[in-house]
Amino acid sequence: MRETKMNDGHYSMTPEDMLELVDANTIMVVPTFGQTFTGLYETVKPLSDALDTYEHDTGNSIDIHVDGASGAMLAPFCAPNIELWDFRLERVKSISTSGHKFGLAPLGCGWVVWRSKEDLPEGLVFHVNYLGGDMPTFALNFSRPAGQIISQYYNFLRLGFEGYQRIHNASYDVCEYLVKQLNKFNLFEFIFDGNREKGIPAISWRLKADANVPFSLYDLADRLRTRGWLVPAYTLPANAQQIIVQRILVKQGLTIDLANLLIADFQRSIEFLTSHASSQCNAADVKTFDHSGR
Ligand SMILES: *Cc1c(COP(=O)(O)O)cnc(C)c1O
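Residues numbered from 1 in each chain as written. Predicted model: local features only at pLDDT ≥ 70, side-chain atom pairs only at ≥ 80, totals over all residues. Heavy atoms only, no water.

An unreviewed UniProt entry annotates the protein as glutamate decarboxylase originating from Photobacterium malacitanum. What UniProt records for the protein under Cofactor (unreviewed entry) is the sentence "pyridoxal 5'-phosphate". One UniProt comment on the protein, placed under Sequence similarities (unreviewed entry), says "Belongs to the group II decarboxylase family." (UniProt positions renumbered as here; feature names shortened; annotations may be inferred.)

Structure, rendered in structure tokens:
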């Protein structure tokens, strides 16, 4: 697997980045439809168009899988004007989504949808004679809990298109509000402002070059943590590792009231860090988010 590189001011895969890496052995290209680091959607149509030209020139046809972990449960509801990113593009053969993210199901629910049966190689499907009936399965093991799937199904029925649209649009509204409030500190340069046509309900920022404050975003994350907020500060991936960013992800339940409490804690933290200027934290000193759940 090859990954395109970020650098300052260039945070997602462009057709040029992609074309540098594809060759006759490439099976597929995987745009991240809702990047973890920034919240931005990688735009699928320009990649698909570039692959059309590439096929025309070389004869190699390369398919697209869309990693729609977050975006595939957001864009259909909240981004009616977004350029095509889904099965309406011929090259998109599969899309994956995490139900436990913006499907609002409990942890452990996700799915992949293939464009057609032919796009899932038969060799990957196990046919098992299970108590007499043929049971085709494309999973890692057999007996698994189904509660999260049933909860997902319930949410689909209970919320419907309009329900998801209202819930997720409310999250984007909170992003807009947070950006407006955070801008008042005049310290942050936004990498992504939570625009609903451009990414997930998240905002990410770095310190302005001329912020001239005696603290880093790691210090700020650390102070916010003492108030119970997990607003992680981290570096961007390869080639952009020198850029420290911070991110807020907004989901159902982060209301404007809560957002106001968060902003008040930003204010409190910034004042504290400014008046108690000391040595700065660096990445190694700060416990950010621990995915092990400990
Ligand atoms: C969360 C996420 C994943 C992992 O999906 P899970 O359903 O949590 O396993 C993959 N890609 C992106 C872009 C994600 O945001």
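K.L.:
Got a minute to help me understand the overall build of the protein in this structure?
P.N.:
When its secondary structure is counted, the protein shows six helices and 10 strands. Considering only C-alpha atoms, the protein reaches an extent of 70 × 50 × 35 Å along its principal axes. Looking at the protein as a whole, 41% of its 294 residues are labelled buried. Here the contacts in the protein between residues at least 6 apart in sequence split such that 66% fall between residues at least 24 apart. Entry remark: accessible area of the protein is about 16500 Å², with carbon and sulfur atoms responsible for 54%. Within the protein, the 34 negative side-chain charges are centred at a point lying 8 Å from the centre of the 26 positive side-chain charges. (Helix = DSSP H or I, 4+ residues; strand = E, 2+ residues; numbered from the N terminus. Buried < 20%, exposed > 50% of the residue type's maximum accessible area, 1.4 Å probe, protein only. Contact = heavy atoms within 4.5 Å. Areas by Shrake-Rupley, 256 points an atom, 1.4 Å probe, with all protein chains shown as cover. Lys, Arg positive; Asp, Glu negative; His and termini not counted. Charge placed at Lys NZ, Arg CZ, Asp CG, Glu CD.)

K.L.:
Just checking my understanding: could you explain the UniProt feature "modified residue: N6-(pyridoxal phosphate)lysine" (unreviewed entry) in the protein for this structure?
P.N.:
Per the UniProt record, the feature "modified residue: N6-(pyridoxal phosphate)lysine" (unreviewed entry) sits at Lys101. The residue Lys101 is located in the loop between strand S3 (92–98) and strand S4 (110–114) in this model. When its relative accessible area of 32% is taken as the criterion, Lys101 is described as partly exposed. Those residues in contact with Lys101 that sit more than four places away from it in its chain are Ala69, Ser70 and Lys251.

K.L.:
Would you mind going over helix H2 (residues 44–58) with me for this structure?
P.N.:
An α-helix turns once per 3.6 residues; consequently, residues spaced three or four apart project the same way. Compared with the 21 Å implied by 1.5 Å per residue over 15 residues, the 21 Å span of H2 between its first and last C-alpha is a close match. By the burial criterion, the buried members of H2 are Val44, Leu47, Ser48, Ala50, Leu51 and Tyr54. Mapping the buried residues of H2 onto a view down its axis gives an arc of 160°, with all of them on the same face. Exposed residues pointing more than 90 degrees away from the buried face of H2 are listed as His56 and Asp57. (Expected span 1.5 Å × (residues − 1). Arc of directions from axis to C-beta.)

K.L.:
What am I meant to see in the pattern of salt bridges here?
P.N.:
When the charged atoms of two side chains lie near each other, side chains of opposite charge can form a pair. Under the counting rule described, the total for this entry stands at 13 salt bridges. Here Glu176 and Arg196 are joined by a salt bridge, their closest N and O atoms 3.3 Å apart. On the criterion of sequence distance, the pair formed by Glu176 in helix H4 (residues 147–183) and Arg196 in the loop between strand S7 (188–192) and strand S8 (202–207) is long-range, its members being 20 residues apart. Across the pair Asp265 and Arg227 runs a salt bridge, and its minimum N-O distance is 2.8 Å. With Asp265 in helix H6 (residues 256–275) and Arg227 in the loop between helix H5 (217–226) and strand S9 (233–235), this pair connects stretches of sequence that are 38 residues apart. (Salt bridge = Lys/Arg side-chain N within 4 Å of Asp/Glu carboxyl O.)

K.L.:
Could you clarify how one ought to interpret the domain arrangement of the protein in this entry?
P.N.:
Often, the extent of an interface is quoted as the loss of accessible area on bringing the components together. In terms of domains, the protein is made up of domain 1 (15–155) and domain 2 (171–275). Here the C-alpha centroids of domain 1 and domain 2 sit 30 Å apart. Tallying the contact residues gives 19 residues for domain 1 and 21 residues for domain 2. Approximately 1500 Å² of surface area, both sides summed, lies buried where domain 1 meets domain 2, with 64% of it carried by carbon and sulfur atoms. The interface formed by domain 1 and domain 2 contains zero salt bridges. Here domain 1 and domain 2 share nine residue pairs in polar contact (both at pLDDT 80 or more) between them. (Domains from an automatic or database assignment. Buried area = accessible area lost by both parts, 1.4 Å probe. Polar contact = N/O pair within 3.5 Å; in protein donor to acceptor, adjacent residues only side chain to side chain.)

K.L.:
Is there a simple way to explain the site of the ligand in this structure?
P.N.:
Around the ligand, the structure places Thr32, Gly34, Asp67, Ala69, Ser98, His100 and Lys101. Within the side chain of His100, a nitrogen or oxygen atom sits 2.9 Å from an oxygen atom of the ligand. Between the ligand and Lys101 there is a distance of 2.7 Å, counted from an oxygen atom to a side-chain nitrogen or oxygen. Here the ligand has 380 Å² of accessible area as a free molecule, and 58% of this is covered by the chains. Partitioning the shell around the ligand into residue classes produces one nonpolar, four polar and two charged. (Near = heavy atom within 4 Å. Nonpolar A, V, L, I, M, F, W, Y, C, P; charged D, E, K, R; others polar.)

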